[in-house]
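The chain contents come next:
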Protein chains: 2
Amino acid sequence: MSNSQNFSQSNFQAALFAIGLDRAAPEPLHVQLAARLRALVLDGTAPPGMRLPASRQFAQELSVSRATTQAALEQLVAEGYLVARRGAGTFVAEHIPHLASPLMPERIETGVARPETIRPFQHNLPDLASFPYAQWANYLASAWRRPHPDLLKAPDPFGWGPLRQAIAAHLGAWRGITCGAGQIAITSGAREAFELIARLFPAGATIQFEDPCFPPARRSLEMAGLRCILSPVDEDGFDPARIEPDVAGVVVTPSRQYPLGMALPLPRRLELLEWAKQNNTLVIEDDYDSEFRFSGQPLPAMTSLDGGERTIYVGSFSKLLSPSLRLGYLVVPERHIDGLSAAIGPVGSMASLVPQPALASFLQDGTFATHLRRMRRIYARRRAVLTEGLQTYLDGWLVPRPEPSGLNVVCGFGPRLDAVPEGDVVAAADRVGLTLQPLSPYFETGPAMKGVLLGFAHFDEATLAEGVRLLGRAITALAPARRG
Amino acid sequence: MSNSQNFSQSNFQAALFAIGLDRAAPEPLHVQLAARLRALVLDGTAPPGMRLPASRQFAQELSVSRATTQAALEQLVAEGYLVARRGAGTFVAEHIPHLASPLMPERIETGVARPETIRPFQHNLPDLASFPYAQWANYLASAWRRPHPDLLKAPDPFGWGPLRQAIAAHLGAWRGITCGAGQIAITSGAREAFELIARLFPAGATIQFEDPCFPPARRSLEMAGLRCILSPVDEDGFDPARIEPDVAGVVVTPSRQYPLGMALPLPRRLELLEWAKQNNTLVIEDDYDSEFRFSGQPLPAMTSLDGGERTIYVGSFSKLLSPSLRLGYLVVPERHIDGLSAAIGPVGSMASLVPQPALASFLQDGTFATHLRRMRRIYARRRAVLTEGLQTYLDGWLVPRPEPSGLNVVCGFGPRLDAVPEGDVVAAADRVGLTLQPLSPYFETGPAMKGVLLGFAHFDEATLAEGVRLLGRAITALAPARRG
């Protein structure tokens, strides 16, 4: 054992034996202990591969029963934080499932705690103030004042028929997808869409994701018992050449890689579809905000390329209208309609019927398309204000990626932030009332890209201009000595 | 240039110049043009490397503006179908792997399968026609026409605050429960409530259910990795003496055993709570329709007995108002609020925000309580019509259980159906257009009780009277020989 290993081992033991448990607290001692151990693993005090003390010694040091230490260790083994090797002891796992554990809060999407108010540059938020509420209120009222008789029947498990027809028409016009309403099921959002998709695959099937990826999608599949593997994206996004053998499905974000933003080039899209055809399997296209492209038309969905024969398309209204709607949908190939029906079950999805007829009217009468086009103009201006501000105040510090799309600007770290940890940049922004989403927590297999997401869509131009000025001051103050 | 290249070039030009655009179509001309060009590339008419005509010439041939051809060509360059080489022109991209020519699926007009009509005596359905839609429509419209500023902020993961306050008040008045709004989280229904509850227990923990029980609750826990065991109920419902060692939680339906209907006697309730206290664990009270008791007041919830210290209460608006709302909630002891917060995550539950402010107004202004009282009167009469009909037409065949509550009448088989399989009774009803829910599929461990559920709440008195007359004819015809 080297000195540095010795050091961290004794460091670790000191941290372990310093754990204080509260006998007066309502949580049982083993729950408290498991929580403290989990935190030590997550904050790196207990590095991968580190051996834990035997449960008997551990119990003595903490003055608790051996049953307590055993229960805590077993819990963390079950959760995947620790690994028990027969005869050798218990070790910190090499691969920490901190994104997958259902017992942990969804840390990655917000960091520590969600602020009460929305601060610039919170990511992934559309502009909620520009929503055409008056029209929306009229549609809600007219749908429910004298509801259509079908609204009083047993609800269709796939969702409100006219909404599904309207979505099919929208997909044709905006995403190049030809599909029938019968292939569409309304869900309470992408999370539930992925839960349903999971049931279309055999238990234990392997699904390959991009690294980085959208963690809730992956979590939904893992919680449903699928095995998820990741392969690092390159400058063009997902590389079909990296698909592993025995993969039963691939989840990609071809229109706008999540979270990095690049579009998957056509040859790779075709290669992916060819792979799915050769292997008689499916590609899942997660398409979350690509209606918002600020130069040219939105790129057609990958699903449009093969007539939807080999793709499941996942769409959502969270980023196009509002996350509060809790409405999304998925489109499956015709031959999978029965499977989807079995996955949904007779009770239907968790999507409320209340907004569905109003949303259907919204789509049918063109209000939705008008809203999208209007928001595209507004967002394009907001994006320009942000990128111009980044150029003015943070040139050489933050390097925005070029994609003219989405709700966020993705920034890598420039040479002047080379030696600065991502966390310092996020903390500096936080101190001046700004929210940055760090990029590196999204990465898992390869080396992480240092960077931040800056949401712009939710904030007006004055707020963005002032925010980026403040951000400039906060970040450039980070390394004054080195800049002289 | 070889002859064959010459040939395909001229072939290609002919195809290009034959492109017809529809000026009356809703899609702009450049979008139509891009779609036609894309198809020519994909079907091989425009082979890799082929040069496209200059945008000016192309525009002249098609009789469109140059801006139209330019926009279409730029779009396809962005998508990767075409490559622009400065000074040389625009070419079909070299690297398009061959994909089987995408079959433009003859437009799938599967349409949308019509929801099945609801037949008597489908179970668990409230009366959807008596819902006060006009008032509901007004509340929806006024909530969203000029939305409260908090509705435009990042939504509270626990749900809309005023709704949680209104639920706390309702629980105090109707269920005897004293709790704060902070202990309440809005969900998309009981299914999601149980998914969240699962995360309050360690992975692999054992939860004990009644047998028979509500299968979706059990499934939610099992899918989240908990172990569920069952113990048979007796005439009084769940027997706390049957709780197994190492059980981490118990799920019961004390107000109205699901599906049998009996109420859990007070001594057993107290015994259960004492067990939870002794073992420092929790009882989950699933309370789904007990506001509908037609004689006396609703029994107070078990949660009211211990101040909610040891109980998680699960409620839903599915049976009180409409399953289409997809709104339910759970109430946790104060010390579990943080745990629940971690389980819900920052994104919040799958419950749509759209109906929540309207439902809050509904509860606050007394419309909800008035509706419940009105429905209680209506349901009491409907139940009476059904039980009188059972007495008249099926005495000795179907034996209704006595509980004056709920949306369904639970019937055991009388002596005249002794030898008749449940399936024969269900099939006989089905042949005359009636839906019966058999009881035995709910049972798992012990001998199943033969019987059927008859929903009455959804159907008017005339329908019920005629339905039970028909049912009488259908069932009594099942064993004429033995009776002759």
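Residues numbered from 1 in each chain as written. Chains lettered and ligands numbered in written order. Predicted model: local features only at pLDDT ≥ 70, side-chain atom pairs only at ≥ 80, totals over all residues. Heavy atoms only, no water.

## Things to note about the overall build of chain A
Keep this limit in mind: Helix and strand definitions follow DSSP, with helices as H or I runs of at least four residues and strands as E runs of at least two, each counted in order from the N terminus. Only protein chains enter the accessibility calculation, which uses a 1.4 Å probe; a residue is then buried when its area is under 20% of its type maximum, exposed when over 50%, and partly exposed in between. Note on areas: Shrake-Rupley, 1.4 Å probe, and residue coverage restricted to the protein chains presented here.
The helix and strand inventory of chain A stands at 15 helices and 13 strands. Scored against the burial criterion, the 484 residues of chain A give a buried share of 61%. As displayed, chain A has an accessible area near 18100 Å², and 52% of this comes from carbon and sulfur atoms.

## Things to note about helix H3 (residues 55-62) of chain A
Residue and element names in this part refer to chain A. The condition is simple: Of all possible arcs, the one meant is that of the directions from the helix axis to the C-beta atoms.
Listing the buried residues of H3 in full gives Ser 55, Phe 58, Ala 59 and Leu 62. The buried residues of H3 occupy an angular sector of 100° when projected down its axis, which confines them to one face. Summarising the geometry of H3, the exposed residues directed more than 90 degrees from the buried face are Arg 56 and Gln 60. One or two steps after H3, the chain reaches Ser 63, where phi turns positive at roughly 55°.

## Concerning the interface of chain A and chain B
Rules: It only takes one pair of heavy atoms within 4.5 Å for two residues to be counted as in contact. Note on terms: buried area is the combined drop in 1.4 Å-probe accessible area of two parts once they are placed together, counting the loss on both. By convention in these notes, a salt bridge is any Lys or Arg side-chain nitrogen within 4 Å of a carboxyl oxygen on Asp or Glu. Whenever two N or O atoms come within 3.5 Å, that pair is a polar contact, provided that in protein one can donate a hydrogen and the other can accept it, and provided that, for residues adjacent in sequence, both atoms are side-chain atoms.
In this assembly, 77 residues from chain A lie in contact with 73 residues from chain B. For the pairing of chain A and chain B, the buried interface totals around 6800 Å² over both sides, and the portion due to carbon and sulfur atoms is 61%. Of all residues in chain A, the largest losses of buried area upon contact with chain B belong to A:Leu266, A:Arg326 and A:Met350, amounting jointly to 10% of the total for that side. Counting across the chain A and chain B interface gives zero salt bridges. Joining chain A to chain B, the criterion identifies ten residue pairs in polar contact (both at pLDDT 80 or more). For the side of chain A that touches chain B, the elements supplying multiple residues, two or more each, are helix H5 (133-145), helix H6 (161-175), helix H7 (190-198) and helix H9 (266-278) of chain A.

## Considerations on the pattern of salt bridges
Note that side chains of opposite charge can pair when their charged atoms are close. Residues and elements named next belong to chain A. What the rule picks out here adds up to 28 salt bridges over all chains. Between Arg 335 and Glu 309 there is a salt bridge whose closest N-O contact spans 3.8 Å. Here Glu 309 lies in the loop between strand E7 (282-286) and strand E8 (311-316) and Arg 335 lies in the loop between strand E9 (328-331) and helix H10 (337-344), a separation of 26 residues in the sequence. Among the salt bridges present, the one from Arg 469 reaches Glu 466, with a minimum N-O distance of 2.9 Å.

## What about a positive patch on the surface?
The test is simple: Patch definition: residues above 30% relative accessible area lacking any salt bridge, with like charges linked at up to 9 Å and the nonpolar side chains Val, Leu, Ile, Met, Phe, Trp and Tyr linked at up to 5 Å. Positive charges come from Lys and Arg alone, negative charges from Asp and Glu alone, with His and the N- and C-terminal ends not counted. Every charge is mapped to an atom, namely NZ of Lys, CZ of Arg, CG of Asp or CD of Glu.
On the surface, A:Arg145, A:Arg146, B:Arg145 and B:Arg146 cluster together into a positively charged patch. Tracing the sequence through the fold places B:Arg145 in helix H5 (residues 133-145).

## What about the sheet that holds strand E11 (residues 408-413) of chain B?
Residues and elements named next belong to chain B. Stated precisely, the cut-off is as follows: Two strands are counted as paired when DSSP detects at least two bridges linking them. Between N-to-C directions, angles cover 0 to 180 degrees, with each direction set by a line fitted to C-alpha atoms, over the stretch in contact for helices.
Read across the sheet, four strands follow the order E10-E11-E13-E12 without closing on themselves; strand pairing throughout is antiparallel. The open sheet has two edge strands with one neighbour each: strand E10 (398-400) and strand E12 (437-438). Looking at chain direction, E10 and E11 are connected through three bridges and run antiparallel. Bridge pairing links Leu 398 to Phe 413 in E11. Contacts between helix H12 (residues 367-394) and the sheet are confined to E10, E11 and strand E13 (451-455), with E11 contributing the most and set at about 20° to the helix.

## Structural notes on the domain arrangement of chain A
Many descriptions give the size of an interface as the accessible area lost when the pieces come together. Test applied: Per the annotation, domain bounds derive from an automatic or database assignment of domains.
On domain assignment, one finds that chain A holds domain 1 (3-92), domain 2 (149-365) and domain 3 (370-483). The straight-line distance from the C-alpha centre of domain 1 of chain A to that of domain 2 of chain A is 41 Å.

## Side note on the packing of aromatic side chains
For clarity, the threshold we go by: Planes of paired rings set the category: under 30 degrees apart is stacked, over 60 is edge-to-face and the rest tilted, where pairs are Phe, Tyr or Trp rings (Trp by its six-membered ring) whose centres lie within 6.5 Å. As a reminder, the over-ring test applies to NZ of lysine and CZ of arginine, requiring each to be within 6 Å of the ring centre and within 35 degrees of the ring normal.
Overall, the coordinates contain 28 aromatic pairs over all chains when judged by the stated rule. Ring geometry for A:Phe131 against A:Trp136: centres 5.6 Å apart, planes inclined by 90°, an arrangement best described as edge-to-face. On the numbers, 6.2 Å between centres and 65° between planes, the contact of B:Phe294 with B:Phe456 is edge-to-face. With B:Phe294 in the loop between strand E7 (282-286) and strand E8 (311-316) and B:Phe456 in the loop between E13 and helix H14 (461-476), this residue pair connects regions lying 162 residues apart in the sequence. Neither residue differs from the other here; B:Phe294 and B:Phe456 are each classed as buried. Through pairs of rings, three or more aromatic residues link up here, namely A:Phe131, A:Tyr133, A:Trp136, A:Tyr139, A:Phe362 and B:Trp144. Sitting over the face of the ring of B:Phe91, B:Arg85 holds its NZ or CZ atom 4.3 Å from the ring centroid.

## Overview of the packing of helix H7 (residues 190-198) of chain B against helix H8 (residues 215-223) of chain B
All names here are of chain B. Stated formally: Crossings are sorted by hand: turned counterclockwise from the far helix by less than a right angle, the near helix makes the crossing left-handed, and turned clockwise it makes it right-handed. When residue character is reported, Ala, Val, Leu, Ile, Met, Phe, Trp, Tyr, Cys and Pro are called nonpolar, Asp, Glu, Lys and Arg charged, and the others, Gly included, polar.
Contact pair H7 / H8: the axes reach a minimum separation of 8 Å and the direction vectors enclose 35°. For the pair H7 and H8, the crossing hand works out as right-handed. Residues Arg 191, Phe 194, Glu 195 and Ala 198 of H7 form the contact with H8, whose own contacting residues are Pro 216, Ala 217, Ser 220 and Leu 221. In the contact of H7 with H8, the residues fall into five nonpolar, one polar and two charged.

## Concerning unusual backbone geometry
Going from A:Asp211 to A:Pro212, the amide bond is cis rather than trans, its omega being 5°. Mapped onto the fold, A:Pro212 is located in the loop between strand E4 (206-211) and helix H8 (215-223). With an omega dihedral of 5°, the bond running from B:Pro120 to B:Phe121 counts as a cis peptide bond. Within the secondary structure, B:Phe121 is located in the loop between strand E2 (89-92) and H5.

## Quick look at the sheet that holds strand E12 (residues 437-438) of chain A
Residues and elements named next belong to chain A. Strands sit in the order E10-E11-E13-E12 across an open sheet of four strands; the sheet is antiparallel. What marks the edges here is a single partner per strand, and that holds for strand E10 (398-400) and E12. Across the face of the sheet, helix H12 (residues 367-394) comes into contact with E10, strand E11 (408-413) and strand E13 (451-455) while running at roughly 20° to E11.

## Here's the deal with helix H11 (residues 355-364) of chain A
All names here are of chain A. In terms of burial, H11 is largely enclosed, as eight of its ten residues are buried. Three or more residues of H11 are buried, namely Pro 355, Gln 356, Pro 357, Ala 358, Leu 359, Ala 360, Phe 362 and Leu 363. In this structure, the buried side of H11 is in contact with H5, H6, strand E3 (184-187) and H12.

## Digging into the side chain of A:Ser220
Counting through the fold element by element, A:Ser220 comes out in helix H8. Excluding its chain neighbours within four sequence positions, the residues that come into contact with A:Ser220 are A:Arg191, A:Phe194 and A:Glu195.

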